There are 2 protein chains.
Amino acid sequence: MENRMVYLNGAIVPLEQAAISPLDIGLLRGYAVFDLLRTAGGRPFLLAEHLRRLRSSAEVLDLKVPVDDDAIAAAIDELLALNDHGEESVVRLVVTGGVSPDGMAFDPEQPTFLILTHDFHEPPAELYATGGILLTEEHHREAPEAKTTNYLTMLRNKPRTAAVGALDVLYHVGGRVSEAASASFYIVRDGVIHAPADRVLWGTVGSLVLDRASDTRSVVREGFTLEDVASADEAFLTSTTRGVMPIVRVDDVAIGDGAVGPVTHELMAHYAAAVAQAAGRS
Amino acid sequence: MENRMVYLNGAIVPLEQAAISPLDIGLLRGYAVFDLLRTAGGRPFLLAEHLRRLRSSAEVLDLKVPVDDDAIAAAIDELLALNDHGEESVVRLVVTGGVSPDGMAFDPEQPTFLILTHDFHEPPAELYATGGILLTEEHHREAPEAKTTNYLTMLRNKPRTAAVGALDVLYHVGGRVSEAASASFYIVRDGVIHAPADRVLWGTVGSLVLDRASDTRSVVREGFTLEDVASADEAFLTSTTRGVMPIVRVDDVAIGDGAVGPVTHELMAHYAAAVAQAAGRS
């Protein structure tokens, strides 16, 4: 979009005037964390959860989010009012270690804090009806409990995923599954939802829908393998921009009967209800 | 230094006017490679080798260095003439995937290409006499054949290495050694130099000194383990800013008799001769 406004270190300025220093350690050494939230009814959705996760990610890297939650919420509101992204938007918050004159040392008390807004492109509705594909990749993210800006392995896999219309890569080490590059990943077996044990990013959407399903569904958090995925009844991913997305194939293996299963449908309904509620449409 | 000039996408401008977009994929997704060279006698040292490695790193990530070697050499000469870093300088070349409006897609034909100069801080002379320390860390770099900007694991280890005065972290997976975070690493046993087998960054200094030593020393490139390191006669690292640096301790294990060994001394002499020759002092 034209004339986009962004927040940079306390000021809201036009994008072209928001200058990141060539000496920023987020650029020179990839030392940065971020978070991404969507709006519901034009208002930030799960804002408190995303801000808590941003601060937690920053802490893992010994970085600091330099302003309080109220100031961040006010900056987001102002950006959303200034930028016209249509009905819903995506908001990106980025924290780096700041400017590093020698390209190595930096002062965590002087971070770079950036807030950007983007158009929100929801996946096509038919994908939720038919389910998506993931391709596996042996990899474990560095600092997995933090949402760092390192997407090297994901972006290098883009041609491979694009070639078969896959949504994302599914990371594993020696067959032990952790998460997708840009989403949490779960399987369902005999009506029970299986989640990764640890060393993955805490998921805002996954947490929301599992919480809403907790009256009727049990969740086992002991992790699982690619073999478990292959023999699962259902699989799904959760993410900010995709909500609850059924996964019906991983590499060449169909999950269950290859159709979207009942537990995934339940969770999709929980997510839709939460969004509608937040948007004031329920 | 004040009034530093930098090269950004074809123009040489003051640092404060060199604006990296907040939408640069090098910042938002860490999708970038770089190289670092030193001067010898004020002139770029091993320039051809560093430019070859930069292009090779870019290729691994499907990125493009947008100008030819002559143009890069001219830009470096101009920056070195404008910026006063003292007798010797360090030159950093950075290539990112460029501006990404949605924070994910980018056009490799429109990269960001940045050249920065820094002061050159050589390690203290006594460190070459006594030798340095490395601390081990289980990790293998993503896209290890490329010099990417991802230094997450290295920077997160800074407090730990600083606490014991270690020079760097030494990466291994299951005891199999690859490289240090910012240097190549070799061991010596019975007069033979042992190098990693593959999946490490090609080292400009390592290559130079091993080539100069090839008349008298043999090199085995089959890799080695932490056990091999513990029982080695000598160990050393090579890097642009440290040249050939003896390593006399890895974690709590003394290498050989804990003093700088004869093969390392030979290679240090080769490196010093190469620098002196390039500087016109030989």
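Residues numbered from 1 in each chain as written. Chains lettered and ligands numbered in written order. Predicted model: local features only at pLDDT ≥ 70, side-chain atom pairs only at ≥ 80, totals over all residues. Heavy atoms only, no water.

Participant: Describe the overall build of chain A, listing the residues and the values that go with them.
Facilitator: If you tally the helices and strands in chain A, you get 9 helices and 15 strands. Taking all 282 residues of chain A together, 57% fall into the buried category. Of the contacts made within chain A by residues no fewer than 6 positions apart, 72% connect residues no fewer than 24 positions apart. (Helix = DSSP H or I, 4+ residues; strand = E, 2+ residues; numbered from the N terminus. Buried < 20%, exposed > 50% of the residue type's maximum accessible area, 1.4 Å probe, protein only. Contact = heavy atoms within 4.5 Å.)

Participant: Run through the pairing of strand 1 (residues 5–8) of chain B, naming residues and quoting values.
Facilitator: All names here are of chain B. The alternating pattern of strand 1 places M5 and Y7 on one face and V6 and L8 on the opposite face, and all of these are buried. In this sheet, strand 2 (residues 11–14) lies alongside strand 1 in antiparallel orientation, the contact comprising 4 bridges. Following the sheet pairing, Y7 is matched in strand 2 by I12. In this antiparallel pair of consecutive strands, strand 1 and strand 2, the connection spans 2 residues, and N9 shows a positive phi of 50 degrees. (Pairing = 2+ DSSP bridges.)

Participant: Report on the nonpolar core, specifying residues and quantitative values.
Facilitator: In globular proteins that are soluble, nonpolar side chains generally tend to be buried together. If you look at the biggest cluster of nonpolar residues, it comprises 100 residues, and the most contacted ones within it are I115 of chain A together with I115 of chain B. If sequence neighbours within four positions are ignored, I115 of chain A has contacts with V6, Y7, I72, A75, I76, L79, V91, R92 and L93 of chain A. (Core = buried A, V, L, I, M, F, W, Y, C linked by side-chain atoms within 4.5 Å.)

Participant: Account for the sheet that holds strand 5 (residues 89–96) of chain B, naming residues and giving values.
Facilitator: Residues and elements named next belong to chain B. With respect to topology, 6 strands assemble into an open sheet ordered 2-1-6-5-3-4, the strand pairing being antiparallel. Every interior strand has two partners, whereas the edge strands, strand 2 and strand 4 (43–44), have only one. In this sheet, strand 4 lies alongside strand 3 (residues 32–40) in antiparallel orientation, the contact comprising 2 bridges. When the sheet's bridge partners are listed, T39 is paired in strand 4 with P44. Packed onto the sheet, helix 2 (residues 47–60) meets strand 3, strand 4, strand 5 and strand 6 (112–119) and runs at close to 175 degrees relative to strand 3. (Axes fitted to C-alpha atoms, helices over the stretch in contact; angles between N-to-C directions.)

Participant: Which residues make up the sheet that holds strand 3 (residues 32–40) of chain A, and what values do they have?
Facilitator: All names here are of chain A. Here we have 6 strands laid out as an open sheet, ordered 2-1-6-5-3-4, and antiparallel in their pairing. Of all the strands in the sheet, just strand 2 (11–14) and strand 4 (43–44) have a single pairing partner and so form its edges. In the packing of helix 2 (residues 47–60) onto the sheet, contacts are made with strand 3, strand 4, strand 5 (89–96) and strand 6 (112–119), and the angle to strand 3 comes to roughly 175 degrees.

Participant: Could you give me a rundown of unusual backbone geometry, with the residues and numbers involved?
Facilitator: In this structure, D62 of chain A takes a positive phi of about 60 degrees despite not being glycine. Position of D62 of chain A among the secondary structure elements: in the loop between helix 2 and helix 3 (69–82). Despite not being glycine, L46 of chain B shows a phi value in the positive range, around 55 degrees. Tracing the backbone through its elements, the reader meets L46 of chain B in the loop between strand 4 and helix 2. The class of L46 of chain B is buried, set by a relative accessible area of 13%.

Participant: Run through the interface of chain A and chain B, naming residues and quoting values.
Facilitator: Listed by partner, the interface residues are 43 residues for chain A and 43 residues for chain B. Counting the surface lost from both chain A and chain B, the interface buries some 3900 Å², and carbon and sulfur atoms represent 65% of this. Counting residues per element, the ones that place at least two in the side of chain A that touches chain B are helix 1 (25–28), strand 5, strand 6 and helix 5 (152–156) of chain A. Examining the composition of the side of chain A that touches chain B, we find that 5 residues originate from one element, helix 5 of chain A, more than from any other. Split into classes, the residues belonging to the side of chain A that touches chain B amount to 24 nonpolar, 11 polar and 8 charged. (Buried area = accessible area lost by both parts, 1.4 Å probe. Nonpolar A, V, L, I, M, F, W, Y, C, P; charged D, E, K, R; others polar.)

Participant: Go over the side chain of T240 of chain B with me, naming the residues and quoting the values.
Facilitator: Residue and element names in this part refer to chain B. With respect to the element layout, T240 can be found in the loop between strand 13 (234–239) and strand 14 (243–250). When its relative accessible area of 10% is taken as the criterion, T240 is described as buried. In terms of polar contacts, T240 uses its side chain to reach the backbone carbonyl oxygen of L36, at 3.4 Å. When near neighbours in sequence (up to four residues on either side) are disregarded, T240 contacts L36, L37, R38, H50, T204, V205 and Y271. (Polar contact = N/O pair within 3.5 Å; in protein donor to acceptor, adjacent residues only side chain to side chain.)

Participant: Please give an account of the environment of G41 of chain A that cites residues and values.
Facilitator: All names here are of chain A. Mapped onto the fold, G41 is located in the loop between strand 3 and strand 4. Residues G41 and Q277, 236 residues apart in the sequence, show an inter-C-alpha distance of 9.3 Å. Once you skip the residues sitting within four places of it in the chain, G41 turns out to touch E88, A279 and R281.

Participant: A description of the relation of the copies chain A and chain B should follow, citing residues and the corresponding values.
Facilitator: Superposing chain A onto chain B requires a rotation of 180 degrees together with a translation of 0.0 Å along the rotation axis, leaving an RMSD of 0.0 Å. Such a combination of turn and shift is consistent with a two-fold rotation axis. The overlap is high: 100% of the interface residues of chain A also sit at the interface in chain B, so the same surface is used on both sides. (Least-squares fit on C-alpha atoms with pLDDT ≥ 70 in both.)

Participant: Tell me about the pattern of salt bridges, and name the residues and values.
Facilitator: One pass over the structure, following the stated rule, counts 20 salt bridges over all chains. Between K64 of chain A and E109 of chain A there is a salt bridge, with its nearest N and O atoms 2.4 Å apart. Taken together, the positions of K64 of chain A in the loop between helix 2 and helix 3 and E109 of chain A in the loop between strand 5 and strand 6 put the pair 45 residues apart, joining distant regions of the chain. Taking the shortest distance from any N to any O, the salt bridge between D69 of chain B and R55 of chain B comes out at 2.7 Å. (Salt bridge = Lys/Arg side-chain N within 4 Å of Asp/Glu carboxyl O.)

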